[in-house]
Amino acid sequence: MPADQLLDEATRIADALLEVQTRVNAQIDAALTELLPGVQQRLGAAPAPDVDVSDLGNARITGLSVVVTPAAVATVVPLSAESAATTRDARRVTAAIVGGADDRLAVIAGPCSIHDPAAALEYAAFLARMRARHGADLEILMRTYTEKPRTEVDWKGFAYDPFLDGSSRISVGLVATRMLMGAITALGVPVAAEPLNALTPQYVDGLVTYNGVGARNVTDQTARERVSGFSSVVGFKNSPEGSIDVAIQAVLTARAPHEFLGVDHHGVSAQLSTSGNDTGHVILRGAKDGPNYSAAHIAATKRALAARGLPEVLVVDASHGNSQKDHRRQAEVVRDLAGQVAGGEQAIRGVMIESNLVAGRQDLDQRHPERLEHGKSVTDACVDLSTTEELLAELAEASRTRRAA
């Protein structure tokens, strides 16, 4: 299917599944109406009193719509054999890199956020070529972030507003996200994501190799508990203020087993039990006050990890606070990290780069999304393909030098 038709097909699928889910919900309501009075009677519970409580609940909810379920989406958009093989192999390799059994370097490169399926697949094809070129030294994953954390109010990501116009067709966005990740992994390119909502990971189950918990969510207890059950490799960024301790606390929490309230693949509330995720590690992303990627910062973080009994394992984000929001400075960060890796620093297991087809960023006008420049970010500014190609070559050489030593 041509990439520019992906949203049309996702809309067709979502509309069909919404019809089914509306019928399912009606059957659930009918069953509860039939069965609950009998339960009340057996328990000796009094009938509900005739009290008007309409002003006490949902006082600020202006709409409630049916949404597609993870199970239904997975049935209509199943994993291909190629996608399953890509994710399975990449999870094994990335976990081995984080765990120290594989001495290559992981690189997570791609757009700050996905907003155009055609551009995303064009970028994925570029990464497929880079994986073929540098596979002996690097395990390259693609940033496929369809949810975006917002400090205040802004576009929340492709999964929530896939048409970029404020229409908020979430069911279409969820279907399109799964279709897009399926297409990328079918090319042999593993994907990385940032899970924000408790429900969205279910919709891309089996497709994500690496999940990075962002700086705004690292202190969230429910986020820490959720990733303790993730099948993917997981990392936690330091807080926006630069606290490494909160990321270390998150790693400790995620590595432990938990019992918590979640949802199953039908979107129904369920008690979830997890074994803990032993791939959890810290991601250094810098802070408002400055970067934290230098050799001194790496050494300090290693000491903090060792003090808590954790492996001295780090992934470093070249963007965000480490580039001080200047995408051009990512090259400086990567070259410093490459020097540390080539010098034998074992703790640095991965590097993140915000990269797109075109350098820089542009503002999204939701009244005229058709005016967007192809391949340029609508969130954080990114480096372009030629710069990315150079940075990957430097990281590959650094990895090769470290491995030879």
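Residues numbered from 1 in each chain as written. Predicted model: local features only at pLDDT ≥ 70, side-chain atom pairs only at ≥ 80, totals over all residues. Heavy atoms only, no water.

As recorded in an unreviewed UniProt entry, the chain goes by the name Phospho-2-dehydro-3-deoxyheptonate aldolase, listed as coming from Modestobacter caceresii. The annotation that UniProt attaches to the chain under Catalytic activity (unreviewed entry) is "D-erythrose 4-phosphate + phosphoenolpyruvate + H2O = 7-phospho-2-dehydro-3-deoxy-D-arabino-heptonate + phosphate". (UniProt positions renumbered as here; feature names shortened; annotations may be inferred.)

Enquirer: How would you explain the packing of aromatic side chains if you had to name every residue and give the values?
Expert: Under the definition given, this model contains one aromatic pair. Sitting over the face of the ring of Tyr-145, Arg-143 holds its NZ or CZ atom 3.9 Å from the ring centroid. (Phe/Tyr/Trp six-rings, centres within 6.5 Å; stacked < 30°, edge-to-face > 60°. Lys NZ or Arg CZ within 6 Å of the ring centre and 35° of its normal.)

Enquirer: Residues and numbers for the UniProt feature "domain: DAHP synthetase I/KDSA" (unreviewed entry) in the chain, please.
Expert: Following the UniProt record, one finds the feature "domain: DAHP synthetase I/KDSA" (unreviewed entry) at residues 96-391. With 30% helix and 17% strand, residues 96-391 has its two end C-alpha atoms placed 23 Å apart. (Helix = DSSP H or I, 4+ residues; strand = E, 2+ residues; numbered from the N terminus.)

Enquirer: Describe helix α3 (residues 81-99), and please don't skip the residues or the numbers.
Expert: Here α3 contains 19 residues, and its C-alpha end-to-end distance of 27 Å stays within 8% of the 27 Å for a straight helix at 1.5 Å per residue. Positive backbone phi, approximately 95 degrees, marks Gly-100, located one or two places after α3. (Expected span 1.5 Å × (residues − 1).)

Enquirer: Requested: an account of the pairing of strand β1 (residues 105-110), with residues and values cited.
Expert: Looking along a regular strand, one sees the side chains alternate between the two faces of the sheet. Of all six residues making up β1, six are buried, and the element is well covered by its neighbours. Neither face of β1 is open: one carries Leu-105, Val-107 and Ala-109, the other Ala-106, Ile-108 and Gly-110, and all of them are buried. Sheet analysis places β1 next to strand β2 (residues 138-143), joined by five bridges and oriented parallel. Across the sheet, the residue bridging to Ala-109 is Met-142, located in β2. Between β1 and its parallel partner β2, the chain crosses via helix α4 (residues 117-134), and the hand of that crossover is right-handed. Here five bridges tie β1 to strand β10 (residues 348-354), and the two strands are oriented parallel to one another. Opposite Val-107, over in β10, you have Val-351 as the bridge partner. (Buried < 20%, exposed > 50% of the residue type's maximum accessible area, 1.4 Å probe, protein only. Pairing = 2+ DSSP bridges. Right-handed = clockwise from strand over helix to strand, strands pointing away.)

Enquirer: Provide a residue-level description of empty space enclosed by the protein, including the pertinent values.
Expert: A full pass over the atoms with the stated rule returns four cavities of 30 Å³ or more. Computed from the structure, the largest cavity encloses a volume of approximately 50 Å³. Taken together, Pro-111, Ser-113, Ile-114, His-115, Asp-116, Ala-119, Ala-120, Asn-356, Gly-375 and Lys-376 make up the lining of the largest cavity. Residues that form the lining of the largest cavity fall into these classes: four nonpolar, four polar and two charged. (1 Å grid on protein atoms, 1.4 Å probe; cavity = no way out; pocket = protein on both sides within 12 Å on 5 of 7 lines; lining within 4 Å. Points joined across faces, edges and corners; volume = space filled by probe spheres on them. Nonpolar A, V, L, I, M, F, W, Y, C, P; charged D, E, K, R; others polar.)

Enquirer: Just give me the short version of the packing of helix α9 (residues 330-342) against helix α10 (residues 385-404), but keep the residues and values in it.
Expert: For the pair α9 and α10, the least separation of the axes is 8 Å and the interaxial angle reads 10 degrees. The orientation of α9 relative to α10 falls into the category roughly parallel. Viewed along their axes, α9 and α10 form a crossing whose handedness is left-handed. For the pair α9 and α10, contact is made by Ala-331, Val-334, Arg-335, Ala-338, Val-341 and Ala-342 and by Glu-390, Leu-391, Glu-394, Leu-395, Ala-398, Ser-399, Thr-401 and Arg-402, respectively. (Axes fitted to C-alpha atoms, helices over the stretch in contact; angles between N-to-C directions. Parallel < 35°, antiparallel > 145°, perpendicular 65-115°, else oblique. Left-handed = near helix turned anticlockwise from the far one by under 90°. Contact = heavy atoms within 4.5 Å.)

Enquirer: For the sheet that holds β1, give the residues involved together with the corresponding values.
Expert: Within a sheet, each strand pairs with its neighbour through backbone hydrogen bonds, oriented either parallel or antiparallel. Strand order in the closed barrel formed by eight strands is β1-β2-β3-β4-β5-β8-β9-β10, and the pairing between neighbours is parallel. Across the sheet, the axes of successive neighbouring strands diverge by a mean angle of 30 degrees, strand direction being ignored. Along the sheet, α3 makes contact with β1, β2, β4 (208-213), β5 (233-237), β8 (281-284) and β10, crossing β4 at roughly 50 degrees. Across the face of the sheet, helix α8 (residues 295-307) comes into contact with β8, β9 (314-317) and β10 while running at roughly 140 degrees to β9.

Enquirer: Let's hear about the pattern of salt bridges: which residues, and what values?
Expert: The tally for this structure, following the rule as stated, stands at 19 salt bridges. Here Asp-89 ties to Arg-92 by a salt bridge, and the two come within 2.3 Å at their closest N and O atoms. Pair noted here: Asp-89 and Arg-92 are both in helix α3, with a separation of three residues, about one helical turn. The closest approach of N and O atoms between Lys-325 and Asp-380, which form a salt bridge, is 3.3 Å. With Lys-325 in the loop between β9 and α9 and Asp-380 in the loop between β10 and α10, this pair connects stretches of sequence that are 55 residues apart. (Salt bridge = Lys/Arg side-chain N within 4 Å of Asp/Glu carboxyl O.)

Enquirer: Go over a nonpolar patch on the surface with me, naming the residues and quoting the values.
Expert: On the surface, a cluster of nonpolar side chains totalling about 390 Å² of accessible area is made up of Val-20, Val-24, Ile-28, Leu-32 and Leu-36. Here Ile-28 lies in helix α1 (residues 6-43). Take Ile-28: its relative accessible area is 41%, and that puts it in the partly exposed class. (Patch = residues over 30% accessible without salt bridge, like charges linked within 9 Å, V, L, I, M, F, W, Y side chains within 5 Å. Areas by Shrake-Rupley, 256 points an atom, 1.4 Å probe, with all protein chains shown as cover.)

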